[in-house]
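# Breakdown of the fold
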Amino acid sequence: MREKMEFNHVSVLLNECMEGLCIRPDGIYVDGTLGGAGHGYNICRRLSEAGRFIGIDQDAAAIRVSMERLSEFGDKAVIVKSNYVHMKQVLGDMGIDQVDGILLDLGVSSYQLDTPERGFSYQVDAPLDMRMDQDRVMTAKDIVNTYEEERLYELIKWYGEERYARNIARRIVQKRQETEIRTTGELVEIIRDSMPAKAKNGKGHPAKRTFQAIRIELNQELSVLEESLEDMVSLLSDGGRLCIITFHSLEDRIVKNFFRKKEHPCTCPPDFPVCVCGKMPEGKVITRKPILPGINEQSENKRSKSAKLRIFEKKC
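What comes next concerns the included structure. (Residues numbered from 1 in each chain as written. Predicted model: local features only at pLDDT ≥ 70, side-chain atom pairs only at ≥ 80, totals over all residues. Heavy atoms only, no water.)

### Let's talk about the sheet that holds strand β6 (residues 283-285)
The strand order across the open sheet built from 7 strands is β3-β2-β1-β4-β5-β7-β6, with neighbouring strands paired in mixed fashion. Looking at which strands have only one partner, the edges of the open sheet turn out to be β3 (77-81) and β6. Within this sheet the neighbouring strands show an average axis-to-axis angle of 15°, counted without direction. Sheet analysis places strand β1 (residues 28-31) next to strand β4 (residues 99-105), joined by 3 bridges and oriented parallel. The partner of Asp-31 across the bridge, within β4, is Leu-103. (Pairing = 2+ DSSP bridges. Helix = DSSP H or I, 4+ residues; strand = E, 2+ residues; numbered from the N terminus. Axes fitted to C-alpha atoms, helices over the stretch in contact; angles between N-to-C directions.)

### Digging into the side chain of Asn-83
Tracing the chain through its elements places Asn-83 in the loop between β3 and α5 (87-93). Under the relative-accessibility criterion, Asn-83 is labelled buried at 15%. For Asn-83, the residues in contact, after removing those within four places along its chain, are Ile-56, Gln-58 and Val-224. (Buried < 20%, exposed > 50% of the residue type's maximum accessible area, 1.4 Å probe, protein only. Contact = heavy atoms within 4.5 Å.)

### Comments concerning the packing of aromatic side chains
Summed over the entire model, instances satisfying the criterion amount to 4 aromatic pairs. Between Tyr-41 and Phe-73, the aromatic rings sit 5.2 Å apart at their centres with planes inclined by 65°, giving edge-to-face as the arrangement. Here Phe-73 lies in the loop between α4 (60-69) and β3 and Tyr-41 lies in helix α3 (residues 38-45), a separation of 32 residues in the sequence. In this structure, Tyr-41 and Phe-73 share a single accessibility class: buried. Ring geometry for Phe-258 and Phe-259: centres 6.4 Å apart, planes at 55°, overall tilted. What makes Phe-258 buried here is its relative accessible area of 12%. Overall, Phe-259 belongs to the buried group, its relative accessible area being 1%. (Phe/Tyr/Trp six-rings, centres within 6.5 Å; stacked < 30°, edge-to-face > 60°.)

### Quick look at the packing of helix α12 (residues 208-219) against helix α13 (residues 221-235)
One can describe the packing of α12 onto α13 by two numbers: an axis separation of 5 Å at closest approach and a directional angle of 50°. In terms of orientation, α12 lies oblique with respect to α13. Here Arg-215, Ile-216 and Asn-219 of α12 come into contact with α13, specifically with Glu-221, Leu-222 and Val-224. Taken together, the residues that form the contact of α12 with α13 break down as 3 nonpolar, 1 polar and 2 charged. (Parallel < 35°, antiparallel > 145°, perpendicular 65-115°, else oblique. Nonpolar A, V, L, I, M, F, W, Y, C, P; charged D, E, K, R; others polar.)

### Re the nonpolar core
One finds Met-87, Ile-102 and Leu-242 to be the most contacted residues of the largest nonpolar core, which totals 32 residues. The element contributing the most residues to this core is α13, with 7 residues. Dropping the residues within four chain positions of it, Ile-102 is found in contact with Leu-21, Val-30, Met-87, Met-232, Leu-235, Leu-236, Arg-241, Leu-242 and Cys-243. The next biggest cluster of nonpolar side chains, apart from the first, holds 30 residues, and it includes Val-108, Ile-190, Ala-207 and Ile-214. (Core = buried A, V, L, I, M, F, W, Y, C linked by side-chain atoms within 4.5 Å.)

### Let's talk about the packing of helix α8 (residues 149-158) against helix α9 (residues 165-178)
For any two helices packed against each other, the geometry is given by the interaxial angle and the distance between the axes. At a minimum axis separation of 8 Å, α8 and α9 run at an interaxial angle of 140°. Considering the angle they form, α8 stands oblique to α9. Considering only the axes of α8 and α9, their crossing is right-handed. Here Glu-149, Glu-150, Leu-152, Tyr-153, Ile-156 and Lys-157 of α8 lie close against α9, whose contacting residues are Ala-165, Arg-166, Ile-168, Ala-169, Arg-170, Ile-172, Val-173 and Arg-176. Partitioned by chemical class, the residues of the contact of α8 with α9 number 8 nonpolar, no polar and 6 charged. (Left-handed = near helix turned anticlockwise from the far one by under 90°.)

### Points about the pattern of salt bridges
Taken as a whole and assessed by the stated rule, the structure comprises 22 salt bridges. Between Asp-114 and Arg-303 there is a salt bridge whose closest N-O contact spans 2.8 Å. With Asp-114 in helix α6 (residues 110-114) and Arg-303 in the loop between α15 (295-300) and β7 (308-314), this pair connects stretches of sequence that are 189 residues apart. Judged by relative accessible area, which is 38%, Arg-303 ranks as partly exposed. Glu-178 serves as the salt-bridge partner of Lys-175, at 3.9 Å between the closest nitrogen and oxygen. Here Glu-178 and Lys-175 lie together in helix α9, a separation of 3 residues that amounts to about one turn. (Salt bridge = Lys/Arg side-chain N within 4 Å of Asp/Glu carboxyl O.)

Shown next as structure tokens:
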């Protein structure tokens, strides 16, 4: 019951995603980050008996909850435990090579954040875990206790965009030489001790960026996104749409640049009078600027504040 309640949160940019997908009642739609099936449920509601929905998630808890939530739709909804990087294979195993829409919500679910033992939150003391797929062996504790100082510095600097990355990496290595760092609370204290008073008492939690960096590294979030985009566009039927919600600048930059490249693939020098590279646009960017949550949604769901939705449409 607890899982069901905690997964039952308001989906970010729900109406905007439904409009962005331009759902056809008889179409095939995929949610590559199913979570608690908030978006998925609303997609299924818009499908006729001829329509089909495939939900993919690597989190076993999400699979259990979404199976129950989508059970009323019967065979119309199919749920698969996998990482969306394997979407093409998952669909191929079902005999599907083209779909009408794909949705990704790249945020950490409320369930994951609010379940202490998952180790995603810096607000409570819990084991250093952060695995989105709990079948994996490696955890955040392994990163914190085994990565060399320079590697820790690099990932905290680039994935966390943390100003004090050097100090934090150095302090982590010093502390783990005394005793293994096992909990989120221990890591938070190390991060606090690595910052000047002005930084750790300023706006936002001082551990937010470092936790983000470790989570991204552990779950390979950016590389999975980069590896998946080409496949997802190739899976879209003519006029099909790819909708992606990001929550930090690194993800958003990857999506924005990829969509732009698909719309304007020409690699000829700007001074060439005509294109000779022969690369043709594969579609168009629907969102010249990302769609952001409205004031009401931001006030009702604080976690939506950093969300950005970008949409790409496959060329007809």
